[in-house]
Amino acid sequence: MPTRDADPGSDPDARARRRRGTLLNHLLAYFGTMVVLVPVNFLTTPDYPWFLFPLVAWFAPLGVHVAWVLGLFDRPRS
């Protein structure tokens, strides 16, 4: 029977690095998309700031992702 220490998925440091990596990818996608959407908005319809809808709508899941990376959803170990 393998021990818990032998399982690479149970290493808290490795899990934290993996979580931070996924958050970094999410942040890069978010900011990369916004860097494109904001100029497109102001070039096409400068009188209507529609880029705010995806900016705000995407920010909520991003906040949940940050909470997950910080471990706020982890169950307490007993």
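Residues numbered from 1 in each chain as written. Predicted model: local features only at pLDDT ≥ 70, side-chain atom pairs only at ≥ 80, totals over all residues. Heavy atoms only, no water.

Taking 1.5 Å of rise per residue, 18 residues should cover 26 Å, and helix H2 (residues 52-69) covers 25 Å from first to last C-alpha, within 8% of that figure. Listed as buried for H2 are Leu 62, His 65, Ala 67 and Val 69. Where H2 is buried, its residues contact helix H1 (12-44). Within two residues after H2, Gly 71 carries a phi angle of roughly 85°, on the positive side. (Helix = DSSP H or I, 4+ residues; strand = E, 2+ residues; numbered from the N terminus. Expected span 1.5 Å × (residues − 1). Buried < 20%, exposed > 50% of the residue type's maximum accessible area, 1.4 Å probe, protein only. Contact = heavy atoms within 4.5 Å.)

Attention shifts here to the pattern of salt bridges. Summed over the entire model, instances satisfying the criterion amount to 1 salt bridge. Here Asp 74 makes a salt bridge to Arg 19, at a shortest N to O gap of 3.0 Å. A residue pair is termed long-range when its members are at least 10 positions apart, and Asp 74 in the segment after H2 and Arg 19 in helix H1 qualify at 55 residues. A residue is classified by how much of its surface remains accessible, and Arg 19, at 12% relative accessible area, is buried. (Salt bridge = Lys/Arg side-chain N within 4 Å of Asp/Glu carboxyl O.)

The next thing to look at is the nonpolar core. Nonpolar side chains tend to gather and get buried jointly when the protein is soluble and globular. One finds Leu 23, Tyr 30, Met 34, Leu 37, Leu 62 and Val 69 forming the largest nonpolar core, which totals 6 residues. Those elements that provide at least two residues to this core are H1 and H2. Counting residues per element, this core draws most heavily on H1, at 4 residues. Ignoring anything within four residues of it in the chain, the contact list for Val 69 reads Arg 19, Arg 20 and Leu 23. (Core = buried A, V, L, I, M, F, W, Y, C linked by side-chain atoms within 4.5 Å.)

Turning our eyes to something else, we now look at the confidence of the model for the protein chain. If pLDDT is low for a region, its predicted coordinates should not be looked at in detail. Looking at the protein chain, pLDDT values average 87 and 86% of them are 70 or higher. A low-confidence stretch, residues 1-6 (pLDDT under 50), is modelled with 2 contacts involving residues beyond four sequence positions or located in other chains. (pLDDT = per-residue confidence, 0-100.)

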